[in-house]
Amino acid sequence: MEEFRKSIIRSSSRTDDKEQNNDCRKIDVAKQLFEELQYVYYGYDASYLPYTHDAIETANGIEFKFNPEAAEIFINELINTIDELYWRNYPLPDELFDKFNDDTKKFYRSFLYLAIRIAAINIPSINSQEQHTEVGSGTFKDLSTLAHSIVIPYSESSFHRRFEIGIQDTELPQLFYDIGKICRVLGKENIFLHSYESDEEQTKAFKEDTKKENDHIKMIADENGIDLKQLKASTQYLRETNAFYRKQGDDELRKILGDFEDKEAFFTHASTYRDLLFNYNNFDSEKYIDTALKLFLLRNNLSALSADDFCRESHNQIAEVINNIRNHKYDNNINE
């Protein structure tokens, strides 16, 4: 039997710039719509602040002030829900169950505390692939965004080498970026990071980084025919400029933070998060937190899934859209 191959209707090699931009735009719009549907469906647009903050009337309207006791109740509820999810995945006798131990609880508790504080503050990101999208609206969507920032592409040793010793990279990844900015503004820069284990470790790392940096500058100078001294001066000027803008950003954040409540607890949870993250630097951790948020929203009448009647109606509407798209696709295939 002759083998049948379907011809490619329109290939990349026969697509001009305008068509390529239009194709990518369609995908981007679809992605945004899917994400918006998910957020609305699960109730992520709801604010968590009524569960963790006190609402105070001011001349400028309602403002929310962090309440440590209220936040503790909220965090405990989410921890209990994560515990429930662990048991569903690992239905073992009590004496054999060791997945949800004290360290596990400490990790989730620290993350949730930090996320609650950070998601209520508008901290500008640096638009890096290693940072999460901006938060600050105090919604469950923000908490979900931070939950999906747990996984970072570093082992503990590589993180330590790049961000904690030698010439330290100051642009920390994901949640560490926000933690670092807040701690620095509160006068406790790098309080949560691990120090070098010995003077020898730091000296060796600093020498390696200095050599690497000098070699890189020399390579750029040679490749572009630039005077080495001039390039070093330009590099130093760029550093000073970045430091100036960083100070400006810190001053703005300091005003936003104001009288930052419970700051010592923030420092403690930041250190615990650093100590334990690399035991939980995986997508399971993200999944447990995100599912716990969905269950909280569902059980507190904040989700389309909360009321059975509306849940069925929403499911049916989505199923109808899926069937319409599927049938349209099928009709197109027939017509070809």
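(A) How the structure looks around the overall build of the protein. Along the backbone of the protein there are 12 helices and two strands. Its helices and strands taken in sequence order, the protein reads α-α-β-β-α-α-α-α-α-α-α-α-α-α from the N to the C terminus. Its C-alpha atoms give the protein a radius of gyration of 25 Å, clearly above 20 Å, the size a compact globule of 336 residues would have. A principal-axis box enclosing the C-alpha atoms of the protein has dimensions of 70 × 60 × 55 Å. Relative to its 336 residues, the protein shows a buried fraction of 35%. Of the contacts made within the protein by residues no fewer than 6 positions apart, 70% connect residues no fewer than 24 positions apart. Surface exposure of the protein reaches about 21,400 Å², of which carbon and sulfur atoms provide 51%. Between the centroid of the 41 positive side chains of the protein and the centroid of its 61 negative side chains there is a distance of 4 Å.

(B) Molecular detail of the layout of surface pockets. There is about 730 Å³ of room inside the largest pocket. Lining the largest pocket are 20 residues; nearest its centre among them are I167, Q168, D169, E213 and R239. For the lining of the largest pocket, the elements supplying multiple residues, two or more each, are helix 6 (156–163), helix 8 (199–224) and helix 9 (228–257). By residue number, the principal contributor to the lining of the largest pocket is helix 9, which donates seven residues. Of the residues contributing to the lining of the largest pocket, the split by class is six nonpolar, five polar and nine charged.

(C) Looking closely at unusual backbone geometry. Even without glycine at this site, Q174 takes up a positive phi of about 50°. Within the element layout of this structure, Q174 appears in the loop between helix 6 and helix 7 (175–185). With a relative accessible area of 12%, Q174 lands in the buried category.

(D) Fine view of the packing of aromatic side chains. For the coordinates displayed, the defined rule picks out 29 aromatic pairs. Aromatic pair Y51 and F296: ring centres 5.0 Å apart, planes at 85°, arrangement edge-to-face. Of this pair, Y51 sits in helix 2 (residues 49–52) while F296 sits in helix 11 (residues 283–299), placing them 245 residues apart in sequence. With a relative accessible area of 28%, Y51 lands in the partly exposed category. Its relative accessible area of 7% is what places F296 among the buried residues. Between Y154 and F163, the aromatic rings sit 5.3 Å apart at their centres with planes inclined by 80°, giving edge-to-face as the arrangement. A residue is classified by how much of its surface remains accessible, and Y154, at 11% relative accessible area, is buried. Sitting over the face of the ring of Y288, K287 holds its NZ or CZ atom 5.3 Å from the ring centroid.

Conventions used here
Sequence order as written defines the numbering, with residues in each chain counted from 1. In view of the model being predicted, local features appear only for residues whose pLDDT reaches at least 70, and side-chain atom pairs are presented and counted only at 80 or more, with totals across whole chains, interfaces and linings using the full set of residues. Each side-chain value is worked out from all heavy atoms of the structure, with water and hydrogens disregarded. Helix and strand definitions follow DSSP, with helices as H or I runs of at least four residues and strands as E runs of at least two, each counted in order from the N terminus. It is over C-alpha atoms that the radius of gyration is taken, and the globule rule equals 2.2 Å times the number of residues to the power 0.38. Residue exposure (1.4 Å probe, protein chains only): buried if accessible area is under 20% of the type maximum, exposed if over 50%, otherwise partly exposed. Any two residues whose heavy atoms approach within 4.5 Å are treated as being in contact. Per-residue accessibility takes into account occlusion by the displayed protein chains alone, with areas from the Shrake-Rupley method and a 1.4 Å probe. Only four residue types enter the tally: Lys and Arg on the positive side, Asp and Glu on the negative side, with His and both chain ends excluded. The atoms used to mark charge sites are NZ of Lys, CZ of Arg, CG of Asp and CD of Glu. Throughout, the protein atoms alone are placed on a 1 Å grid, and a set of points is a cavity if a 1.4 Å probe fits but cannot get out or a pocket if it is open with protein on both sides within 12 Å along at least five of seven lines; lining residues have an atom within 4 Å of a point. Grid points are joined across faces, edges and corners, and a volume is the space filled by probe spheres set on the points. Amino acid classes used here: Ala, Val, Leu, Ile, Met, Phe, Trp, Tyr, Cys and Pro are nonpolar; Asp, Glu, Lys and Arg are charged; the rest, including Gly, are polar. Aromatic rings from Phe, Tyr and Trp, with only the six-membered ring used for Trp, were paired whenever their centres fell within 6.5 Å, and each pair was classed as stacked if the ring planes differed by under 30 degrees, edge-to-face if by over 60, and tilted otherwise. Distance and angle both matter: a charge sits over a ring if NZ of Lys or CZ of Arg is within 6 Å of the ring centre and within 35 degrees of the ring normal.

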